[in-house]
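# Fold and geometry: a report
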Amino acid sequence: MATIGAEEDIRVVRSAPDLHLARLKSFFVSAVLICIMPAVLLAFWWAASTKGWVSAQVLPQPDWVLQTFLDLCANGDILAAAAVSFRRIAEGFLIGASLGFLFGLLIGKSKTADSYLGPTFRALAAVPSLGWLPILILLLGIEESLKIVILAKACFVPMAIIAAEGARNVPKGLTEVADVLRLRASTRFFKLTIPAMAPFIASGVRLSLSQAFVSLIVVEMLAGTDGLGYMMVWGRTLFQLDIVIVGMTVVGVVGFALDFVLKRAELLIRRGSGANG
Amino acid sequence: MRRLLSTLLLAATVALGAAAAKAEDAPANIRFGDVGFGFGTPFGVGLQAIADAKGFIAGEFKGTPTKVEFTYFTGTGPAINEALSNGQLDFASYGAVPNIIGKANGLDTVIVASYGGTTIFGAARPDLEIKSIADLKGKKVAIQKATIIHWGLVTALKNAGLSEKDITIVDLKNADQLAAIAAKSVDAVFGADFLLPLEDKGVAKIFYKSSDAGASGDGFGAFLVTDKFRKAYPEATQKVVTGFVKAAQWLADDKNRDEAFKIWSRAGSPIEVISKSNAGSLLGQKYNPHLDDFFTSRYQSGIAFDREQKLIRRDVDLDAWVDRSYVDNAVKSLNLQALWPDRSATGALQN
């Protein structure tokens, strides 16, 4: 009896840190899971380049690539390139995502607007950014605006589609209540539409940012003279594929981190709106 | 049973040995790489394309099991460097700037012939007063960087007393260059004969042609073999270079001019454009395979350019890179000394 009591005691005391520990453990496990594949790839890469399975110029050894990465960090090249690229994403995203949100709201709310604009929008959205490039160069030249427009387009499309979806999915019951209460348009928008759409907006932000990231590299590779994409093209031209691999790694890691953070944020927003609803 | 096995083993060894000895004399196939243009099946616009189309190299291997295989890379120089590095090519012919970059990064290539010269054009917006290189001062010029065109522009600027700091260089691919000048977002472009149609369309006017500036203004490049192939098959290497020289000899005959233009037009440029691009130049002089002092001075200028532009991190030892014996043998055996007398470093004829 006394022993059981002691055991119960221990369990009670340990229950709070247990939760903490479990969370830490699951975090640790997922971190390990995430790292397995890159570690396997790295091992394979290392073996392939040191055993001479592939030519050292085309697939340089990992330590050379690390050295190149450190060199590029030290002389500021990579930071300058990344700064240019991220500024482009920010500008393109601000323009594209906000216009996309408004457009999505319009075709989501108004059946008329959807029947007039929806099909054209969907047809244009199906053409990848690459296809627009020659026409856009003719219209905008090769300046910064070209890149911003392509990035804005990349953000616009997913945001518009998801915002329209969200606008259509405002719970019917709540809309009816708002009708009965004769809420003012602005109150209705901020108190009903926006909270109901919040989870959709969150996934719209995530999707458009990841789209922007992919398009950015393409656009910088094709018609750029700076940024991370151009750095990779230039590395290939110089037959220094270590620079290309550094670029690929940076783009991959940043893309992953961006997606990870935004997924977390999306989850928090979904939980928050769930509690309100 | 054991005896049977050992006999079989012996037979297999002998057969394999024989096969190996045979492979030593004649490679099963020889793979050639060249810069290519055009949609669908790209094709080349230089000496190697002639050697391919007229079967000059294949002819050298007539009656042997050796096959020749030509690949034209639309990815140009960088793609050829990668293919050489991956062991996918035995011979390649491409521009000096990328093949110097390849050599400086450790490709085991050896120069066995010159591929001659390429004409470089400058086109400017018709609404601007750009009539010569000197007028480019303060203007925005589109080129594809790290190519022989880039070298051509910088050299032309130097000859006109300018430096590249006097202009703004925009790095664009060929197709984007055309769009950029049509959209007036650049003032001038430098490139190969793909710029010529712009003049007919009224989008730009041609104000510079490298061959007008003398032979030392033209672009240049070489025909290279991998050291591995050269060591394994010295005879085959000689045959290939002889075939290559025969192509240059065919090209030097004026009655073949039209046929040559027709062959090059397979790369996508209309015949009129090619004949306009070559107007006033003798193909025999332009596509001179000789590795003489003129060639050496061109390549030295190319190496200096690559260093200056920080395109290479290490120097290239030109003397160790060039092997004149094959082309000299071919010229001697075909009795072509009179066709291509040695040129001095400046391009003047010697002896």
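Scoring rules and cut-offs
Residues numbered from 1 in each chain as written. Chains lettered and ligands numbered in written order. Predicted model: local features only at pLDDT ≥ 70, side-chain atom pairs only at ≥ 80, totals over all residues. Domains from an automatic or database assignment. Contact = placed C-beta atoms within 7 Å. Helix = DSSP H or I, 4+ residues; strand = E, 2+ residues; numbered from the N terminus. Pairing = 2+ DSSP bridges. Axes fitted to C-alpha atoms, helices over the stretch in contact; angles between N-to-C directions. Buried ≥ 20, exposed ≤ 12 C-beta atoms within 10 Å, placed from the backbone. UniProt positions renumbered as here; feature names shortened; annotations may be inferred. Arc of directions from axis to C-beta. Nonpolar A, V, L, I, M, F, W, Y, C, P; charged D, E, K, R; others polar.

### Some words on the domain arrangement of chain B
All names here are of chain B. Domain boundaries assigned for chain B yield domain 1 (29-117 + 220-334) and domain 2 (121-213). Its C-alpha centre places domain 1 at a distance of 26 Å from the equivalent point of domain 2. Domain 1 puts 17 residues into the contact, and the matching count from domain 2 is 11 residues. Only α5 (96-104), β10 (219-226), α12 (271-277) and α14 (293-308) provide two or more residues apiece to the side of domain 1 that touches domain 2.

### As for the sheet that holds strand β2 (residues 67-73) of chain B
Strand pairing in a sheet relies on backbone hydrogen bonds. The paired strands run either parallel or antiparallel. Residues and elements named next belong to chain B. Spatial strand order, β2-β1-β3-β10-β4: 5 strands in an open sheet with mixed pairing. Single-partner strands in this sheet number two, and they are β2 and β4 (109-118). Averaged over all pairs of adjacent strands, the angle between strand axes in this sheet comes to 20°, irrespective of strand direction. Here 7 bridges tie strand β1 (residues 29-35) to β2, and the two strands are oriented parallel to one another. Within the sheet, the bridge partner assigned to glycine 33 lies in β2 and is threonine 71.

### Quick notes on unusual backbone geometry
Even without being glycine, A:Arg182 reaches a positive phi, approximately 50°. In this fold, A:Arg182 is placed in the loop between α7 (172-181) and α8 (185-223). The residue B:Ala146 is not glycine, and still its phi comes out positive at about 60°. Here B:Ala146 shows up in the loop between β6 (140-143) and α6 (148-159). We classify B:Ala146 as buried; it has 24 C-beta atoms within 10 Å.

### Topic: the UniProt feature "domain: SsuA/THI5-like" (unreviewed entry) in chain B
With numbering matched to this structure, UniProt assigns "domain: SsuA/THI5-like" (unreviewed entry) to residues 81-253 of chain B. Across residues 81-253 of chain B, the secondary structure splits into 38% helix and 25% strand, with the terminal C-alpha atoms separated by 33 Å.

### With respect to helix α16 (residues 325-333) of chain B
Residue pairs three or four apart in sequence face the same way in an α-helix, which turns once every 3.6 residues. Residue and element names in this part refer to chain B. Tyr326, Val327, Ala330 and Val331 are the residues of α16 that are buried. Buried residues in α16, looked at end-on, bunch into an arc of 130°, giving them a common side. In α16, the exposed positions that point more than 90 degrees away from the buried face belong to Lys332 and Ser333. Here the buried face of α16 lies against β4 and α10 (234-252). Downstream of α16 by a residue or two, asparagine 335 has a phi angle that is positive, lying close to 60°.

### Thoughts on the interface of chain B and chain A
Taken together, the contact between chain B and chain A spans 21 residues of the former and 16 residues of the latter. Mapped onto the side of chain B that touches chain A, the elements with two or more residues apiece are α4 (76-85), α5, β7 (168-171) and α7 (174-182) of chain B. Per-class residue counts for the side of chain B that touches chain A are 11 nonpolar, 7 polar and 3 charged.

### Re the environment of A:Ala152
All names here are of chain A. Summarising the element assignment, alanine 152 is placed in helix α6 (residues 144-168). Counting along the chain gives 76 residues from alanine 152 to leucine 228, while the straight-line C-alpha distance between them is 18 Å. Beyond its immediate chain neighbours, meaning those up to four positions away, alanine 152 contacts Gly92, Ile95 and Gly96.

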